[in-house]
Amino acid sequence: MVFSENRPNSRNNFVFFYKVGPFLAILDKVGKNKEQMGYFEEIQEAKRFIQDKFNATPQIGVVLGSGLGAFAESFADATTISYGDIPHFAQSGVVGHAGELVLGELNGVTCAVMSGRVHFYEGFDMQKVTFPMRVLKALGCESILITNAAGSMNENFAPGDIMMITDHINMTGDNPLSGPNDERLGPRFPDMSTAYGPKGQAALKTAAAEMDLNLRQGVYVGLRGPSYETPAEIRMFRTLGVDAVGMSTVAEVIVAQHSGMDVAGLSILTNNAAGFNAEPLSHDEVKETADRVKGVLIELLNKSVKHLACP
Ligand code: HPA
């Protein structure tokens, strides 16, 4: 009879608790240990995973923004690791972000290149967004060259121009350092007055001069996104002295500064910001412009990496 077969019976309960129970307890313990692994230990685990596949020490880290992944193809002999394979790395779902860590040598400089990044607007918290910065530092990177695609709100600039970031405004509404501070990673209150420091700026300027490139300079505002800005927001930022707007970079720069890395920042001005043109903004325009300037950008990154490593 079906009814009686489904009834709990004391012999079955005995088998469950004494045979299956111990295995469940072990699984529970493994799960708890995993939960207890701190951020610092997660960084070390990701670092060891990468070092198992690539045993040289990268000097320079590079972060490639939307549609800017072509630079990662410059390496003659590279080790490529998908973010999905690296413990605790998040993977971006955004088109134009490859999601690979590319390690190799470029002009005699060992580099770790993040081809694509994850964003705050994808729903990841700031610690997850900036986790790769921590790992790059743990791997040995002394400097980081961060790139992004951005909208321009400076009338003297045009889509396709490349801007050296001289400073930023964090308008994401969050900070990757909020919460308890781990002194092994950096100080509680890091100074941000020279976040885009003289070393990074000098490397970019020297590289641009060698190419006869009109490298723009300006202030970047980082927003949470993912909606583009309204024209009124852009007018506000222009009044505040902003030149370019985007949805990344500021959290990474805060963490790079916290961890003691030199930072160089580049915005590829892929479009005029909202309100400048009659046409609506689109991610396609961002990708098209990024694609158009990729040759110039690759050359600039190549040269900048060399000057960052050997100032
Ligand atoms: N706004 C915000 N983020 C961007 C833009 C923009 O106009 N262009 C590329 N990323």
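Computed from a predicted model, the values in this text were never measured in an experiment.

Reading guide: rules and limits
- Residues numbered from 1 in each chain as written.
- Predicted model: local features only at pLDDT ≥ 70, side-chain atom pairs only at ≥ 80, totals over all residues.
- Axes fitted to C-alpha atoms, helices over the stretch in contact; angles between N-to-C directions.
- Helix = DSSP H or I, 4+ residues; strand = E, 2+ residues; numbered from the N terminus.
- Parallel < 35°, antiparallel > 145°, perpendicular 65-115°, else oblique.
- Left-handed = near helix turned anticlockwise from the far one by under 90°.
- Contact = placed C-beta atoms within 7 Å.
- Near = placed C-beta within 6 Å.
- Nonpolar A, V, L, I, M, F, W, Y, C, P; charged D, E, K, R; others polar.
- Buried ≥ 20, exposed ≤ 12 C-beta atoms within 10 Å, placed from the backbone.
- Pairing = 2+ DSSP bridges.
- Expected span 1.5 Å × (residues − 1).
- Bend = angle between axes of the 7 residues up to and from the residue.
- pLDDT = per-residue confidence, 0-100.

Colleague: Account for the packing of helix H3 (residues 39–53) against helix H4 (residues 126–139), with residues named and values stated.
Modeller: Packing of H3 against H4 brings their axes to within 9 Å, and their N-to-C directions diverge by 60°. Classified by the angle between their axes, H3 and H4 sit oblique to one another. In this structure, H3 meets H4 at a crossing whose hand is right-handed. For the pair H3 and H4, the contacting residues are Tyr39, Ile43, Gln44, Ala46, Lys47 and Ile50 in the first and Gln127, Arg134, Val135, Ala138 and Leu139 in the second.

Colleague: Describe in detail the packing of H4 against helix H7 (residues 250–258), supporting the description with residues and values.
Modeller: Following both chains from N to C, one finds H4 and H7 inclined at 50°, their axes separated by 9 Å at the closest point. Taken together, the axis directions place H4 and H7 in an arrangement best described as oblique. For the crossing formed where H4 meets H7, the hand is right-handed. The segment H4 lies against H7, with Met126, Val129, Thr130, Met133 and Arg134 engaging Ala251, Glu252, Val255 and Ala256.

Colleague: Account for the site of the ligand, with residues named and values stated.
Modeller: Taken together, 13 residues sit near the ligand, with Ala149, Gly151, Val245, Gly246 and Val286 positioned nearest. Of all the secondary-structure elements, those providing two or more residues to the shell around the ligand are strand E5 (143–152), strand E8 (244–246) and strand E9 (262–272). For the shell around the ligand, the element with the most residues is E5, which contributes three residues. Per-class residue counts for the shell around the ligand are eight nonpolar, four polar and one charged.

Colleague: So what about the pairing of strand E4 (residues 109–115)? Which residues, and what values?
Modeller: In terms of burial, E4 is largely enclosed, as five of its seven residues are buried. When strand E1 (residues 60–64) meets E4, the two strands line up parallel, connected through five bridges. Residue pairing for E4: Leu64 is matched across the bridge by Ser115.

Colleague: Describe H4, naming the residues involved and giving the relevant values.
Modeller: The end-to-end C-alpha separation of H4 is 20 Å, in line with the 20 Å expected for 14 residues at 1.5 Å each. Bending of H4 peaks at approximately 30° at the position of Pro132. Burial analysis of H4 places 11 of its 14 residues in the buried class, the great majority of the element. Where H4 is buried, its residues touch H3, E1, E4, E5 and H7. Gly140 occupies a position one or two residues after H4 and carries a positive phi of about 125°.

Colleague: Outline the confidence of the model for the protein chain, listing residues and values.
Modeller: Residue-level pLDDT values for the protein chain average 89, and 87% of them are 70 or greater. Note that residues 1–8 has pLDDT below 50 and, in this model, one contact with residues that lie over four places away or in other chains. Confidence drops under a pLDDT of 50 for residues 25–34, and excluding neighbours within four residues, the segment shows zero contacts in the predicted structure.

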